[in-house]
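Chain by chain, the residues:
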Amino acid sequence: IRQYLCLSLLKNGVSPIPAILQLSLDIFVTLIKYFKAHLKSEIGVFFSNILLRILESSNSSGPQKRLTIQALRVLVAEPQLMVDLFLNYDCDLEGKGIFTSMCDGLSRLTLTLQALSETTEQDAQLKQLALETLVAIPES
């Protein structure tokens, strides 16, 4: 099951269809919450290839970014997960710097002058959500 689920999440985790992306992100968040001890390598791949890719890509739509930030908002509420991300991926000499990349991506979204959504109101909401998620990290 692990192999098929991970492959499916990687394929559907960048879907432009909001309902598919939402379901993939919900499954990913659930996996991290309850099975993170068994999924160290997969978590790194998921963060790099799904969450961070959507956050950092100028080709990602506003809804994709919003859903991704909402998923991150749930994840940053888990203090041990934030510590684990930093220790396992940023402190490792061969690690991917996932925690740092997540913070950088959220910061860039908050500060960008580039249009992120279809309206300025949606842009403002997206930036506010990114800022709230960033602020929630040290609070957790």
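Going by the structure above, here's the rest.
Residues numbered from 1 in each chain as written. Predicted model: local features only at pLDDT ≥ 70, side-chain atom pairs only at ≥ 80, totals over all residues. Heavy atoms only, no water.

Q: I tried to follow the packing of helix H5 (residues 79-90) against helix H6 (residues 98-111) on my own but got confused; where do I start?
A: A pair of packed helices can be characterised by two numbers: the angle between their axes and the separation between those axes. For the pair H5 and H6, interaxial distance at closest approach is 7 Å and the crossing angle is 115°. Every residue of H6 that contacts H5 at Met 82, Leu 85, Phe 86, Tyr 89 and Asp 90 is listed here: Ile 98, Phe 99, Thr 100 and Met 102. In the contact of H5 with H6, the residues fall into seven nonpolar, one polar and one charged. (Axes fitted to C-alpha atoms, helices over the stretch in contact; angles between N-to-C directions. Helix = DSSP H or I, 4+ residues; strand = E, 2+ residues; numbered from the N terminus. Contact = heavy atoms within 4.5 Å. Nonpolar A, V, L, I, M, F, W, Y, C, P; charged D, E, K, R; others polar.)

Q: Just checking my understanding: could you explain helix H3 (residues 40-56) for this structure?
A: An α-helix turns once every 3.6 residues. As a result, residues three or four positions apart point the same way. End to end, H3 covers 22 Å across 17 residues, agreeing with the expected 24 Å (1.5 Å per residue, within 8%). At Phe 47, H3 shows its largest kink, close to 35°. The complete set of buried residues in H3 reads Glu 42, Ile 43, Gly 44, Phe 46, Phe 47, Ile 50, Leu 51, Leu 52, Ile 54 and Leu 55. Buried residues along H3 sit in contact with helix H1 (2-12), helix H2 (18-35), helix H4 (62-76), H5 and H6. (Expected span 1.5 Å × (residues − 1). Bend = angle between axes of the 7 residues up to and from the residue. Buried < 20%, exposed > 50% of the residue type's maximum accessible area, 1.4 Å probe, protein only.)

Q: How should I be thinking about the packing of aromatic side chains in this particular structure?
A: One pair of aromatic rings is described through two measures. These are the centre distance and the angle between the planes. Evaluation of the coordinates by the stated rule reveals three aromatic pairs. Taken together, a centroid distance of 5.1 Å and an interplanar angle of 85° make the contact between Phe 28 and Phe 46 edge-to-face. Of this pair, Phe 28 sits in helix H2 while Phe 46 sits in helix H3, and the two are 18 residues apart along the sequence. Across this residue pair, the class does not change: Phe 28 and Phe 46 are buried. Ring centres of Phe 28 and Phe 47 lie 5.7 Å apart, and the angle between their planes is 70°; on these two criteria the pair is classed as edge-to-face. With Phe 28 in helix H2 and Phe 47 in helix H3, this residue pair connects regions lying 19 residues apart in the sequence. Neither residue differs from the other here; Phe 28 and Phe 47 are each classed as buried. By way of ring pairs, the aromatic residues Phe 28, Phe 46 and Phe 47 are connected into one cluster. (Phe/Tyr/Trp six-rings, centres within 6.5 Å; stacked < 30°, edge-to-face > 60°.)

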